[in-house]
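Here are the chains, one letter per residue:
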Amino acid sequence: MRLTTKGRYAVTAMLDLALHGDQGPVSLADISSRQEISLSYLEQLFSRLRRHKLVTSIRGPGGGYRLSREPDAVYIAEVVDAVSESLDTTRCGNKGDCQNGEKCLTHHLWSDLSDQIHQFLSDISLGDLMRKREIQVVATRQNKRHSEGDSQTINTERLSDQAPA
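Here the structure is a predicted model, which means the values were calculated and not measured.

Procedures and definitions
- Residues numbered from 1 in each chain as written.
- Predicted model: local features only at pLDDT ≥ 70, side-chain atom pairs only at ≥ 80, totals over all residues.
- Heavy atoms only, no water.
- Axes fitted to C-alpha atoms, helices over the stretch in contact; angles between N-to-C directions.
- Helix = DSSP H or I, 4+ residues; strand = E, 2+ residues; numbered from the N terminus.
- Parallel < 35°, antiparallel > 145°, perpendicular 65-115°, else oblique.
- Left-handed = near helix turned anticlockwise from the far one by under 90°.
- Contact = heavy atoms within 4.5 Å.
- Nonpolar A, V, L, I, M, F, W, Y, C, P; charged D, E, K, R; others polar.
- Salt bridge = Lys/Arg side-chain N within 4 Å of Asp/Glu carboxyl O.
- Buried < 20%, exposed > 50% of the residue type's maximum accessible area, 1.4 Å probe, protein only.
- Phe/Tyr/Trp six-rings, centres within 6.5 Å; stacked < 30°, edge-to-face > 60°.
- Expected span 1.5 Å × (residues − 1).
- Core = buried A, V, L, I, M, F, W, Y, C linked by side-chain atoms within 4.5 Å.
- Pairing = 2+ DSSP bridges.
- Arc of directions from axis to C-beta.

Draft legend 1. Here's a closer look at the packing of helix 1 (residues 5-20) against helix 2 (residues 28-35). One can describe the packing of helix 1 onto helix 2 by two numbers: an axis separation of 10 Å at closest approach and a directional angle of 110°. Viewed along their axes, helix 1 and helix 2 adopt a mutual orientation that is roughly perpendicular. When you trace helix 1 past helix 2, the crossing you get is right-handed. Each of Thr 12, Ala 13, Asp 16, Leu 17 and His 20 in helix 1 lies in contact with helix 2, whose residues at this interface are Ile 31, Arg 34 and Gln 35. Looking at side-chain class alone, the contact of helix 1 with helix 2 contains three nonpolar, three polar and two charged residues.

Written out as structure tokens, the structure reads:
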């Protein structure tokens, strides 16, 4: 079993949104910059997240995205499910046709593992993750790097405005 990029990126982006949502709507460009996820990929993911009512979009200047619910009410399994990510550990997609059209000897073992993984992720909210010290440390580092990148861009623009023509 492997959680693919789609599921990992969706959870990462939603956690970023939860961490920065208290400052107003969060732009996908900011999430893209902080998390180093392509903007076009985020747009695809957020389209699905919006359809599943996990986020709402705010249009216009200063617009972006907000969580539809409080971080403590958004569970990781919901995010993964919203982007159609399979957490299935069976070879047969849990259809039960893994060995010549019938269940293999270990089908129930792998099926039960899939259920356990889904339940584990159903018990963890974005709020739970936000309170983890190690996540706060990483978020602080990313925010610092992101703001330094912004100030370097601003300084470059200021220099070019002052350059003689």
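Draft legend 2. Expanded view of the pattern of salt bridges. Within this structure, the stated rule accounts for five salt bridges. Between Asp 16 and Arg 34 there is a salt bridge, with the nearest N and O atoms lying 2.8 Å from each other. Linking Asp 16 in helix 1 with Arg 34 in helix 2, this pair joins segments that are 18 residues apart in sequence. There is no split in this pair, since Asp 16 and Arg 34 are both buried. In this structure, the salt-bridge partner of Arg 131 is Asp 128, at a minimum N-O distance of 3.0 Å. Asp 128 gets classed as partly exposed once you look at its relative accessible area, which sits at 31%.

Draft legend 3. Summary view of the packing of aromatic side chains. Counted according to the given criterion, the structure contains two aromatic pairs. When the centroid spacing of 5.7 Å and the interplanar angle of 85° are considered together, the rings of Tyr 9 and Tyr 41 count as edge-to-face. In this pair, Tyr 9 sits in helix 1 while Tyr 41 sits in helix 3 (residues 39-51), placing the two residues 32 residues apart along the sequence. Taking 4.8 Å as the distance between ring centres and 55° as the angle between the ring planes, the aromatic pair formed by Phe 46 and Tyr 65 counts as tilted. Residue Phe 46 is found in helix 3, and its partner Tyr 65 is found in strand 2 (residues 64-67); the two are separated by 19 residues along the sequence. Neither Phe 46 nor Tyr 65 differs from the other in exposure class; each is buried.

Draft legend 4. Here's a closer look at helix 1. Given a rise of 1.5 Å per residue, 16 residues ought to cover 22 Å, and the 22 Å separating the end C-alpha atoms of helix 1 matches this to within 8%. Within helix 1, burial applies to Gly 7, Ala 10, Val 11, Ala 13, Met 14, Leu 15, Asp 16, Leu 17, Ala 18 and His 20.

Draft legend 5. Structural context of the nonpolar core. In terms of nonpolar packing, the biggest core is built from 33 residues, with Met 14, Leu 17, Phe 46 and Leu 49 touching the most fellow members. Taken together, the elements giving at least two residues each to this core come down to helix 1, helix 2, helix 3, strand 2, helix 4 (76-82) and helix 6 (126-130). Of the residues forming this core, the biggest block, seven residues, is contributed by helix 1.

Draft legend 6. Focus on the pairing of strand 1 (residues 55-58). Two strands pair when backbone bridges link them, and strand 1 and strand 2 are joined in this way by four bridges, in the antiparallel orientation. In the sheet register, Thr 56 faces strand 2, and the bridge partner there is Arg 66. Between strand 1 and strand 2, which pair antiparallel one after the other, the connecting turn spans five residues, and Gly 60 there sits at a positive phi close to 95°.

Draft legend 7. Representation of helix 3 within the structure. The first and last C-alpha atoms of helix 3 sit 18 Å apart over 13 residues, in line with the 18 Å expected at 1.5 Å per residue. For helix 3, the set of buried residues is Leu 42, Leu 45, Phe 46 and Leu 49. Looking down the long axis of helix 3, one finds its buried residues gathered within 100° of arc, a one-sided arrangement. On the buried face of helix 3, the contacting elements are helix 1, helix 2, strand 1, strand 2 and helix 4. Lys 53 sits one or two positions beyond helix 3 and adopts a positive phi of about 60°.

The quantities given are spatial measurements derived from coordinates; they are silent on function.
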